Amino acid sequence: METAEKRKIYSILVKRFEFETPYLMALVGGYLSENQISCENFGYPKMRLLLEEMPECVSLRQVRTGTNMNYTVTLHEWAGEAAPEEAERLPAPREEEKPEAHPPEKPLSESDRRAVYELLIDEFPAETPLPMAAISLVMTNEGYRKETYGFVKMKQLLRELSEFMSLQDTVTNGVPATLVTLHRIPSWDHERGTDSTGRSAAFQELPETMNEIILPNKTLAILNKLITGEEAAPSEEILNRMRESYREARANGTFTVRESAYTFPLSLKAAGGELMMAGIKPSRFEGESGWFLNFIGVQHSTPGKAIENFAFMGFWDNVLGDLAEMALPEKWYFQGEDPNSKLMLRSYLQYTFYRLQLEDKVCISDDGRFAAFNTGMVTPHYDDIYACFEPNDDRQKNRWRFTGFSKAGGRGLGKRLVNYFNPLPQPASYFERKEDLLFDLEKDLHTDYDHILLDNIARLPVGFLREELHSEPDALELLDEIEAERSQKAKKNLYAQLRDTVSDSNRLYNRLRNRLEDAINLARKQVRWNYKTAIPCFFPTRNVMSLMLPLCLVSEGRADAALVVELTRAGNYQGQTILTLQQAYIDARMICRPNSEWLNADQIVPDLDAYTDSDSAD
């Protein structure tokens with residue numbers, strides 16, 4: 001980037017942001033976009049990459065917000081560059097929040113309610129029915145978990161937010177589901193408008209020790225409940241460990257900043273074995289100062305680990321073998337794989353459980369003596385199969401332990417299932433609209449070619465790369481090494497070199513792009529001939545539905561990869577990423593057994609990495 005271009009961006013930033021103050025990347029990027037600064041116009045796929053090219057006046061730092069990694073941007077004074085006199089900058093850090101002397105009876109404080117409102121209203125459209133799973137995911141990722149406020153079900157927590165949301169129980173494709181509709185609160189929106197950030201910004205010097213921090217009784221009761229199951233004052237041992245965790249966080253700087261709150265990890269574990277975290281905020285009551293403990297919760301794990309955080313599963317081979325034996329016969333392995341490995345079945349069960357958690361469909365009996373969920377699989381007689389759990393030994397980290405699979409009313413567990421639950425646990429639901437099932441040929445498709453051809457070059461068929469890069473000896477030599485290499489780490493490094501080779505040559509990049517465009521056009525023709533060519537799939541980490549189109553890159557008669565397309569709010573399709581056929585099959589199987597000419601387990605050559613990569617659409 002030219003110096004003149006950097007100066008132009010700098011002059012825009014100093015009009016709005018204070019020096020030496022960290023701001024979230026989304027806030028800085030949004031402001032630049034409002035001022036007609038687009039990263040694409042400067043040749044960068046992301047705003048972060050553009051800002052990284054301005055070390056003279058900008059520094060970036062990676063931080064964790066909820067389960068997500070984020071970036072903060074700090075603006076520095078550029079020597080020799082004068083700041084505009086008329087600057088109207090975002091407010092510098094100041095005190096804002098004060099805990100109440102007596103915690104309110106309601107589970108959520110006014111500030112929490114407003115924070116949740118701002119989070120959701122910025123993410124989703126108002127007055128539009130939305131699947132509860134989508135709302136749950138956003139809230140959970142930002143730390144607003146049902147357990148934090150003492151609820152068993154997310155639906156109970158959402159009902160406490162009735163001033164700006166309403167819930168409706170419905171049936172979609174024969175499966176019960178809950179829809180959430182957000183409603184705007186004009187007075188809150190107006191108050192947000194008076195603050196240029198839309199949020200509070202109170203960053204102060206942290207207290208030396210936790211003895212200087214106010215500890216509300218209700219927050220301490222939540223801490224104890226997460227650890228012991230009892231809503232009571234925690235023991236001195238628990239408090240001392242929390243104080244020690246704070247001391248270590250302050251010494252090591254391991255805080256995550258969200259709005260005016262500082263979150264830090266605890267050395268304590270919840271009853272379910274999850275690692276815990278705490279948050280403190282500055283007070284905001286006039287005439288009073290100080291900090292208070294505003295948050296206690298559990299740290300989030302990856303979707304694939306959700307079931308193991310919930311329960312002790314025992315020996316997975318036995319669990320999967322019992323399920324496969326009980327279920328309608330199905331091939332849970334790819335060509336050349338050990339038929340007994342069942343890695344695909346394990347992936348299915350893990351991510352199905354995660355989806356059910358988001359939908360509040362993991363059932364726990366009123367007396368806490370039995371739990372179950374619907375696996376989404378059926379017996380040869382098409383009876384639903386349920387996974388059943390009993391309370392674990394108090395000395396174990398997991399609250400539950402897996403006891404077996406059953407059908408309703410069957411011997412043993414089946415009778416207990418019917419005795420404890422009415423209605424019975426429901427299967428996961430994925431389809432909320434017809435667009436989740438059908439690809440609309442009338443809509444435009446815009447593809448992220450850089451992400452597919454460069455970031456995910458390892459997912460492209462080697463035969464395709466050989467054919468298109470045949471005139472580049474260095475590229476062919478790298479492909480020879482890739483095919484001969486057994487080490488995945490070494491192979492990854494070789495692909496990185498190949499990516500750089502393609503990125504540095506417009507001729508090679510355009511050749512790959514043109515061939516990919518031809519394959520996409522062919523896929524659209526295939527969909528026109530048979531609408532079932534577009535296969536629905538679910539991505540757990542983003543909790544979104546997408547469609548997959550076949551990409552015939554080596555020859556027109558056989559698919560080699562899948563293009564993931566997602567319908568945007570504007571009504572266009574975004575070509576998000578590319579998947580290997582194995583990754584595509586695993587993600588499609590989340591919903592149902594694929595019945596497709598181009599996505600067939602018998603014709604797919606396995607790659608072990610697919611079982612760890614397939615849970616993300618990037």
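So, here's what we can say about the structure. (Residues numbered from 1 in each chain as written. Predicted model: local features only at pLDDT ≥ 70, side-chain atom pairs only at ≥ 80, totals over all residues. Heavy atoms only, no water.)

On to the overall build of the protein, then. For the protein, the count of helices and strands is 20 helices and 21 strands. Across the 618 residues of the protein, 49% fall into the buried class. For the protein, long-range pairs separated by at least 24 residues make up 61% of all intrachain contacts whose partners lie at least 6 apart in sequence. When the accessible surface of the protein is summed, it comes to about 30,200 Å², and 46% of that surface belongs to carbon and sulfur atoms. (Helix = DSSP H or I, 4+ residues; strand = E, 2+ residues; numbered from the N terminus. Buried < 20%, exposed > 50% of the residue type's maximum accessible area, 1.4 Å probe, protein only. Contact = heavy atoms within 4.5 Å. Areas by Shrake-Rupley, 256 points an atom, 1.4 Å probe, with all protein chains shown as cover.)

Ranked by size, the top nonpolar core spans 60 residues in total, and within it F373, F389, M548 and L599 carry the most contacts. By residue number, the principal contributor to this core is helix α12 (residues 343-358), which donates nine residues. Once residues lying within four places of it in the same chain are set aside, the contact partners of F373 are I307, L349, F353, L356, K361, V362, I385, Y386, A387, F389 and P425. Of all hydrophobic cores here, the second largest spans 39 residues; its members include L453, L465, L494 and L567. (Core = buried A, V, L, I, M, F, W, Y, C linked by side-chain atoms within 4.5 Å.)

Moving on, we come to empty space enclosed by the protein. Vacant regions in the atomic arrangement are exposed by a probe of water-molecule size rolled over the atoms. As enumerated under the stated definition, the model contains one cavity of 30 Å³ or more in all. Size it by volume and the largest cavity reaches roughly 40 Å³. Around the largest cavity, the lining residues are L13, F17, Y23, V28, V73 and L75. Broken down by class, the residue content of the lining of the largest cavity amounts to six nonpolar, no polar and no charged. (1 Å grid on protein atoms, 1.4 Å probe; cavity = no way out; pocket = protein on both sides within 12 Å on 5 of 7 lines; lining within 4 Å. Points joined across faces, edges and corners; volume = space filled by probe spheres on them. Nonpolar A, V, L, I, M, F, W, Y, C, P; charged D, E, K, R; others polar.)

Burial analysis of strand β15 (residues 384-391) places six of its eight residues in the buried class, which makes it a mostly covered element. As paired elements, strand β14 (residues 371-378) and β15 share five bridges and run antiparallel to each other. Bridge pairing in β15 places A372 opposite C388. The loop that links β14 with its antiparallel partner β15 comprises five residues; one of these, Y382, has a positive phi angle of about 65 degrees. Relative to strand β16 (residues 400-406), β15 runs antiparallel, the two sharing six bridges. Bridge pairing in β16 places Y386 opposite S406. (Pairing = 2+ DSSP bridges.)

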